[in-house]
Amino acid sequence: MAHTTLNPDTQTRVTSQRANALADRLEQGARALAVFATSLSDTEWTTRTPRDGRTVGVIVHHVASVYPIEIQLAQTVADGKAVTGVDVADIDAMNARHAADNAAVTRQAALELLRTNSAAAAAAIRALSDEQLAKAAPVSLYSDAPLTCQFVLEDHAVRHSYHHLARLRRAVRP
């Protein structure tokens, strides 16, 4: 599983600079999403977004709720194993289930989950070595293209809050 290297002189854990930078970017995105969510009125929190109709609050909760899944996918690749059985239809179905199950999510609950899961995701990223970040394996979501763990992290866990934050800003403050 994921690990950091030990400094041979001090036997202390040494976090990869690449992993630390990825984790920092994930944390920055989560903080930006949290600041935005905190600034919303109750009406803005329940505003339905264009395209898929989920509310702003549901999307904030969605970002928070999928960090563990995104990290698990990246760790699978870091272990040199293929990610199988995941496609766009699966993601769409998961998002629809999440929206239905969390339609009445409170701001407090969404923000707490965002804080908790983004911190856990950042810690998991920091536990990866440079070798694990560079490892590639087929990923079914990308037509079984061999992708690196770092790419999977950047395209999912790290990017996710930034992607949705931009859409949410446009939805409530055009």
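Predicted model only: the values in this text are computed from it and were never measured.

Asker: Help me understand the nonpolar core, please; the structure alone is not making it clear to me.
Answerer: Looking at soluble globular proteins, one finds that nonpolar side chains tend to be buried together. Counting residues in hydrophobic clusters, the biggest one holds 46 residues, and the most contacted among them are L26, Y67, L114, I125, C149 and L153. Going through the elements one at a time, helix 1 (17–39), helix 3 (56–78), helix 5 (107–126), strand 3 (136–139) and helix 7 (149–172) are the ones with two or more residues in this core.

Asker: Is there a simple way to explain unusual backbone geometry in this structure?
Answerer: Of all residues except glycine, most have a negative phi; of all peptide bonds, most are trans. Positive phi is not limited to glycine here, since R51 has a value of about 80 degrees. With respect to the secondary-structure elements, R51 resides in the loop between helix 2 (42–45) and helix 3. One non-glycine residue, S143, lies in positive phi territory at about 55 degrees. Here S143 lies in the loop between strand 3 and strand 4 (145–148). When its relative accessible area of 71% is taken as the criterion, S143 is described as exposed.

Asker: Just to check I follow, could you spell out helix 1 for this structure?
Answerer: Think of an α-helix as 3.6 residues a turn; residues three or four steps apart then line up on the same face. Here helix 1 contains 23 residues, and its C-alpha end-to-end distance of 33 Å stays within 8% of the 33 Å for a straight helix at 1.5 Å per residue. Among all positions of helix 1, only A19, L22, A23, L26, G29, A30, L33, A34, F36 and A37 are buried. In the core, the buried residues of helix 1 are packed alongside helix 2, helix 3, helix 5, helix 6 (130–134) and helix 7. In this structure S16 caps helix 1, since a side-chain oxygen of it lies 3.2 Å from the backbone nitrogen of R18.

Asker: Teacher, can you tell me more about the environment of L113 here?
Answerer: Tracing the chain through its elements places L113 in helix 5. Classification of L113 as partly exposed rests on a relative accessible area of 24%. Considering only alpha carbons, one finds L113 and V63, 50 residues apart in sequence, at a separation of 9.3 Å. Non-local contacts of L113, meaning those with residues more than four positions away in its chain, are made with H61, A64, S65 and S118.

Parameters and conventions
Residues numbered from 1 in each chain as written. Predicted model: local features only at pLDDT ≥ 70, side-chain atom pairs only at ≥ 80, totals over all residues. Heavy atoms only, no water. Core = buried A, V, L, I, M, F, W, Y, C linked by side-chain atoms within 4.5 Å. Buried < 20%, exposed > 50% of the residue type's maximum accessible area, 1.4 Å probe, protein only. Helix = DSSP H or I, 4+ residues; strand = E, 2+ residues; numbered from the N terminus. Expected span 1.5 Å × (residues − 1). Contact = heavy atoms within 4.5 Å. Polar contact = N/O pair within 3.5 Å; in protein donor to acceptor, adjacent residues only side chain to side chain.

Keep in mind that these numbers describe shape and distance, not what the molecule does.
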